[in-house]
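# Notes for the structure review
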Amino acid sequence: MSDTSVAEPRTRGVTPLRVLGFIGAVAFVSFWFWALFLIDKTAVNKIDDQEWTARAEQICEPVEVELRRLDLERTADLDGRADLVDRSTDMLAAMLDDLEAVEPSDEKGRAIVPDWIADYRTLLDDRYAYADRLRAGEDGPFSETPVQGVPITERIETFAGDNEMPSCAPPRAGVFG
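Residues numbered from 1 in each chain as written. Predicted model: local features only at pLDDT ≥ 70, side-chain atom pairs only at ≥ 80, totals over all residues. Heavy atoms only, no water.

## Some details on a nonpolar patch on the surface
- The grouping of Phe 28, Val 29, Phe 31, Trp 32, Trp 34 and Leu 36 at the surface amounts to a nonpolar patch, some 660 Å² of accessible area in total.
- Using a relative accessible area of 48% as the deciding quantity, one classes Leu 36 as partly exposed. (Patch = residues over 30% accessible without salt bridge, like charges linked within 9 Å, V, L, I, M, F, W, Y side chains within 5 Å. Areas by Shrake-Rupley, 256 points an atom, 1.4 Å probe, with all protein chains shown as cover. Salt bridge = Lys/Arg side-chain N within 4 Å of Asp/Glu carboxyl O. Buried < 20%, exposed > 50% of the residue type's maximum accessible area, 1.4 Å probe, protein only.)

## Quick word on helix H2 (residues 50-71)
- In a regular helix each residue adds 1.5 Å, so 22 residues correspond to 32 Å; H2 covers 31 Å between its end C-alpha atoms and thus fits that length.
- Within the span of H2, buried status applies to Trp 52, Thr 53, Ala 56, Glu 57, Ile 59, Cys 60, Val 63, Leu 67 and Leu 70.
- Buried residues belonging to H2 abut helix H3 (78-100) and helix H4 (107-135).
- For H2, the side-chain oxygen to backbone nitrogen distance between the N-cap and Glu 51 is 3.2 Å, and the N-cap itself is Asp 49. (Helix = DSSP H or I, 4+ residues; strand = E, 2+ residues; numbered from the N terminus. Expected span 1.5 Å × (residues − 1). Contact = heavy atoms within 4.5 Å. Polar contact = N/O pair within 3.5 Å; in protein donor to acceptor, adjacent residues only side chain to side chain.)

## Examining the nonpolar core
- Ranked by internal contacts, the top residues of the largest apolar core, which has 26 residues, are Met 95, Leu 99, Trp 116 and Tyr 120.
- When residues of this core are traced back to their parent elements, those giving at least two are H2, H3, H4 and helix H5 (152-162).
- Every residue in contact with Tyr 120, bar those within four places of it in the chain, is listed here: Leu 92, Met 95, Leu 96, Ile 156, Cys 168, Ala 169, Pro 170 and Pro 171.
- Of all hydrophobic cores here, the second largest spans five residues; its members include Ala 82, Val 85, Ala 131 and Leu 134. (Core = buried A, V, L, I, M, F, W, Y, C linked by side-chain atoms within 4.5 Å.)

This is how it looks when you write it as structure tokens:
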């Protein structure tokens, strides 16, 4: 006996799996279209007053150079380290005073620059407290105030980076080592 039956051709009907695959593909393409072309990519901390940010970078850059120079005086002596921390923190405080002397011309800048400066001043308080601990003979690590679970230096650094003021970022390590 021979089998003369012919297999029926498969039809390409709509199946639940194909529908889910199509929906997934549309969702995938839609998400990437939205992410690449539709969302606003302006940094949250970006201010509009480019003259203010350029002026800030001009103020901060020489301080950054001086801080690197001061770092060459690094010492293992706790009192000497405390003096270096105080001297470098004094430089940063003067830098902030100069930055604060002129406020940004845009509304967003006037709203968030004072918060950034306040964060920076909190960091300076942390640095002065660290110098006091060194003078008291405590050779522990530097600790900074967290804000909403984020190290304050990260917040300060993000603002400086978003506004193209890299020299205005807080110093890392340096005389603390």
